Amino acid sequence: MQFQTVMVSLFINFFFLFFTGTKSESGQKDMELRKTSIYNTIDMAPQLDYYANTLPHQEIKIRPSLDVLRKTFEVRFPPVEKRSHCCEQLKQNKKDIYFLFFLSQMRCMLNIWGVILFLRLTWITSQAGIVLGLVIIALAVSVTTTTALSISAIATNGRVKSGGTYFMISRTLGPELGASIGLIFSLANALAVALHTVGFSEVVRDLMRSYGTIMVDSLNDVRIIGVVTVTILLFITFGGMDWEAKAQIFFFIVLMASFVDYLVGTLIPPTLLKKSQGFFGYDRDIFIENLTPSWRGPDGNFFRQFAIFFPACTGILSGANISGDLKDPSTAIPKGTLMAIFCTTLSYVVIVITSGASTVRDASGNMTDLMTGNSTSGCLGPACKLGWNFTTCVQSQACSQGLANYSQVMGLISGSYYLIVAGVFAATLSSALGFLVSAPKIFQCLCKDNVYPYISFFGKGYGKNNEPLRGYILTYLIAVAIILVAQLNIIAPFISNFFLCSYCLINLSCFHASIVNSPGWRPAFKYYNKWTALYGAMASFALMFAFTWWAALVTWFVISLLFIYITYLKKPNVNWGSSIQASSYNMALSFSVSLTDVKDHVKNFRPQCLVMTGPPKQRPALVDFVGCFTKQVSLMICGNIIMPDKQTQFQDSTDQYVKWLNKRKVRSFYTQFTANTLRDGVRYLMQASGLGKLKPNTLVIGFKSNWMESSPTTYHFFHILLRIWSNLYDNTYLLLFAANDISENSKSDQVKTVFKNAGGTKTIDVYWIADDGGLILLVPYLLTRRKCWRSCKIRVFILGDEENMMESRDAMMALLKRFRINVTDVVVMTDTERSPQPKKFLETVAPYRLYDEQQEDVSVQELKKKEPWKISDKQFEAFRLKSERKVRLNEIIRRNSQNTTLVLVSLPVPHGDCPSALYIAWLDTLTCGLHCPAVLVRGNQENVLTFYCQ
């Protein structure tokens, strides 16, 4: 009685809708006045317009900026009695066709019900019995119900546009998985049109043959009927959503009538003919006999019967797939989908119980099996007590009637067989029509997102409802092609797997969005759980392989290929706020916090570099050099100090430089710092950059090769910076990079440098002058891990004397071997004490010297106070030996490294009494005359290499 009450109520609702049409929007207009805050007339109160900025194709309304609020004096505006343009635009874009949640429920019910309901459910009851039959229904419904709960949660977490399942998955899991499943789900819907159309055609063909009508032959009759049918359905969709909706309502009414016909038939006393076919009306013995299973044939097991029944529970996405045509998808989708599952499940339960309680498994259909006496000896089965003896056909397995042998038992039980046939027609045609509408709408949303190339042509909409007419034609052509090929036995498993894959990803979307704890995950639907969503995802995944393992493999293989294409080749420039982004943040935050408890160890040392690049595109060689040995190894931060006079120029440049780094495939952060002076900016940036253990431990600076042409304050600052490093940052390492004009000239902003060149023989020369912990060896080793540097040779130059040259070389080779660093050669420099040719050096420092004999009335001390970077005679003589050693070392470097790709030299520590000009001249002397990049490296006297295991 409860089922009949629900059906009658729904029948009345849809009958009313069919004749009254769909509801239009109320003409009531709300007067929207400009509402302002009490603080300031231009400081607006909360309004919907400002939160609609994320909707596509809408004019963005922007709040007054903080700067405007600070500078603008209070101004009074006259009240505006019109709606804002944004809200008016939203109103204009609403569809004229609004479906109530009853219509969403109807679409789901029509797509869930199908030929399995009419032709296979009673047979499943005979195989599995009533008890296991109900268990099969419960297991199948558990998967679809958890999926429906996940759909409801996603659909109520913000406004859902058109695109249905694809829209929900892509906006939750991102374009990579969303677009992958969106394409094959659109195809699955198009193939389902052909599948259901052929199902309808086969029933029509059999009905025609029962009357002796044949057009051509069995196969071609199906093709002709199928093409004609799908063409008629196409014209219905061209009529608009209102025609399609009324057609679906008509099909629903027919289905309701067939159900009522079946239920009434179970109460009508059966005729002798129906009894001979196994239907006796409700009987206690028949019910008890049919409680237990009776497995028969190759499909006689629980899992096979479950696989046959499960497609009868799919179709729950039909309401979501037309989300763009729903007045309130957030309300209609949850209510409609869950109510559809409840009603269809109730109908399945009723049919299993009523058929199992009224029809025997085996019957002959012969009137001669009617027993005339009261003797039942030798008679088998519950029919014996009802006066029928089907023992002969049971023992010979020749029974053609009954639950186990006759597929149209529902027609047998019903009051009118032809109403059941009409129900089969309505079930197949409604499903075909529903998929013919769903596929183009999903594909239209996919086309508008521009994720795949060459498909935007099908995204164009027509009319006030934005109908995808081109998509309708494409779906029609696919369906016709499949109908003509008629290889449905191969296609059907893919359709089931595509739908199960969609269920899997929908549940995964809900689970993932729930577990990452994103503040944006706030579904209005509260009756869901992340663990039920996980169960639904795992169950759907397992069922794909349990039903047809080879189709499941093909499905996931295709999805993987699409995923790889979108992730690594297409790389769509979209930002949908997916849960993948939230998960990335959570993982990064969790790992960063967990690193704070990890103690530093020499085996895990990584050079985490703060690179003073300024605008990165101005120093591509410096960026490429550091990127080569930090990519996928350690942290790299490009720093830029913005002076007050350049703040306007660079205030909006962060995104521009990040894009430049990404285009150059350099994995680096970019940060800019505003300071009054360059000195303060560098000092603050060195202290503030990084997070926890992810803080820079290595400072990389580009050497100013034209320092002599710059103002004295520039190189004076440079020297002070190095002294700051040596005095204050005991845990920081230093790399000083001299590019030596190795960048190629190019008009493009992506200048090619030696560090980007692949191929050729490369050599790295390491002049290990001072043992500062081994950083000067670690950097070239990290470089050789890169593909373009993998085959390069490393030579190490060390100090020594001629007497102990071999011993020094062997000791160094042994040390490097224990460090597990492959070195081509070790060269002992024995001539470093020879007198150099300091002529060029003297010419370099001459403009910066304070000669005592040249001073007349002004003392050297007074000049030194005014120009502290200059060199007095006393200082020059005190550092003469050091200067000569730098000159001699440069002579050795130029002699040995003329054809080298990269030179690394130990950086001399700046002495406190050394003038700035003299120290910069030393650095310039060490690197001058080379035709390759030179890097001056200095550690902090802590080991970065070890040969121990602990």
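Structural data are supplied above this passage.
This report concerns the structure included in the present document. Remember, it's a predicted structure, so these values are computed and weren't measured experimentally.

### Focus on the side chain of Asp362
- Positionally, Asp362 belongs in the loop between helix H15 (329-358) and helix H16 (391-395).
- Polar side-chain contacts of Asp362 include one of 2.6 Å to the side chain of Arg296.
- One polar contact links Asp362 to Asn405, side chain to side chain, over a distance of 3.0 Å.
- Non-local contacts of Asp362, meaning those with residues more than four positions away in its chain, are made with Arg296, Phe390, Val394, Cys399, Gln401, Gly402, Ala404 and Asn405.

### Re the state of the cysteines
- Throughout the structure, instances matching the rule amount to two disulfides.
- One disulfide in the model links Cys379 with Cys384; its S-S distance is 1.7 Å. Between Cys379 and Cys384, the S-S dihedral sits near -90 degrees, and the bridge is therefore left-handed. Cys384 matches Cys379 in its accessibility class, with the two residues each being buried.
- Two residues, Cys393 and Cys399, share a disulfide whose sulfurs are 2.0 Å apart.

### A word on the packing of helix H9 (residues 218-238) against helix H19 (residues 469-485)
- Direction vectors running N to C along H9 and H19 enclose 170 degrees, while the axes themselves pass 9 Å from each other. One finds that H9 runs roughly antiparallel with respect to H19. Here H9 contributes Arg223, Gly226, Val227, Val230, Thr231, Leu234, Thr237 and Phe238 to the contact with H19, which in turn contributes Leu469, Tyr472, Ile473, Tyr476, Ala479, Val480, Ile483, Leu484 and Val485.

### Comments concerning the pattern of salt bridges
- Taken as a whole and assessed by the stated rule, the structure comprises 15 salt bridges.
- Two residues, Lys385 and Asp285, come together in a salt bridge whose shortest N-O distance is 3.7 Å. Remark: Asp285 occurs in helix H12 (residues 284-289) and Lys385 occurs in the loop between H15 and H16; sequence separation between them is 100 residues.
- You can call Lys385 exposed: its relative accessible area is 67%.
- Look at Asp285 and you get partly exposed, because its relative accessible area is 25%.
- The network of salt bridges with common partners includes Asp831, Arg888, Glu891 and Arg895.

### Some remarks on empty space enclosed by the protein
- What the rule picks out here adds up to two cavities of 30 Å³ or more.
- Its volume calculated, the largest cavity comes out at about 40 Å³.
- Together, Ile112, Val141, Thr144, Cys313, Ile341, Thr344, Thr345 and Tyr348 line the largest cavity.
- Where the lining of the largest cavity is concerned, the elements lending two or more residues are helix H6 (121-155) and H15.
- Tallying contributions element by element places H15 first for the lining of the largest cavity, with four residues.
- Per-class residue counts for the lining of the largest cavity are five nonpolar, three polar and no charged.
- Approximately 30 Å³ is the volume attributed to the second largest cavity.
- Taken together, Asn189, Gly315, Ile316, Leu317, Ser318, Asn321, Phe435 and Phe499 make up the full set of residues lining the second largest cavity.
- Looking at the lining of the second largest cavity residue by residue, the classes come out as four nonpolar, four polar and no charged.

### Some points on the nonpolar core
- Judged by nonpolar contacts, the single largest core of 136 residues is most densely connected at Trp113, Leu117, Phe118, Phe309, Phe310, Tyr348 and Tyr452.
- Ignoring anything within four residues of it in the chain, the contact list for Phe310 reads Ala140, Val143, Leu500, Leu543 and Phe547.
- Formed by 53 residues, the second largest nonpolar core is a distinct cluster that contains Phe605, Val626, Val700 and Val828.

### Things to note about the packing of aromatic side chains
- Going through the model one piece at a time under the given rule, you end up with 32 aromatic pairs.
- Between the aromatic rings of Phe310 and Phe547, the centroid separation amounts to 5.6 Å while the plane-to-plane angle is 55 degrees, which identifies the pairing as tilted. Remark: Phe547 occurs in helix H21 (residues 530-547) and Phe310 occurs in the loop between helix H13 (302-309) and helix H14 (318-321); sequence separation between them is 237 residues.
- Taken together, the ring pairs connect Phe625, Phe629, Phe737, Phe755 and Trp789 into an aromatic cluster.
- Note that Lys460 overlies the ring of Tyr462, its terminal NZ or CZ placed 5.3 Å from the centroid.
- Between Lys762 and the ring centre of Trp789, over which it is positioned, the NZ or CZ distance is 5.6 Å.

### A word on a negative patch on the surface
- Taken together, the side chains of Asp801, Glu802, Glu803, Glu807 and Asp810 define an acidic patch exposed on the protein surface.
- By the secondary structure assignment, Asp810 is in helix H30 (residues 805-819).
- For Asp810, a relative accessible area of 44% corresponds to the partly exposed category.

Conventions used here
- Residues numbered from 1 in each chain as written.
- Predicted model: local features only at pLDDT ≥ 70, side-chain atom pairs only at ≥ 80, totals over all residues.
- Heavy atoms only, no water.
- Helix = DSSP H or I, 4+ residues; strand = E, 2+ residues; numbered from the N terminus.
- Polar contact = N/O pair within 3.5 Å; in protein donor to acceptor, adjacent residues only side chain to side chain.
- Contact = heavy atoms within 4.5 Å.
- Disulfide = S-S within 2.5 Å.
- Buried < 20%, exposed > 50% of the residue type's maximum accessible area, 1.4 Å probe, protein only.
- Axes fitted to C-alpha atoms, helices over the stretch in contact; angles between N-to-C directions.
- Parallel < 35°, antiparallel > 145°, perpendicular 65-115°, else oblique.
- Salt bridge = Lys/Arg side-chain N within 4 Å of Asp/Glu carboxyl O.
- 1 Å grid on protein atoms, 1.4 Å probe; cavity = no way out; pocket = protein on both sides within 12 Å on 5 of 7 lines; lining within 4 Å.
- Points joined across faces, edges and corners; volume = space filled by probe spheres on them.
- Nonpolar A, V, L, I, M, F, W, Y, C, P; charged D, E, K, R; others polar.
- Core = buried A, V, L, I, M, F, W, Y, C linked by side-chain atoms within 4.5 Å.
- Phe/Tyr/Trp six-rings, centres within 6.5 Å; stacked < 30°, edge-to-face > 60°.
- Lys NZ or Arg CZ within 6 Å of the ring centre and 35° of its normal.
- Patch = residues over 30% accessible without salt bridge, like charges linked within 9 Å, V, L, I, M, F, W, Y side chains within 5 Å.
- Areas by Shrake-Rupley, 256 points an atom, 1.4 Å probe, with all protein chains shown as cover.
- Lys, Arg positive; Asp, Glu negative; His and termini not counted.
- Charge placed at Lys NZ, Arg CZ, Asp CG, Glu CD.

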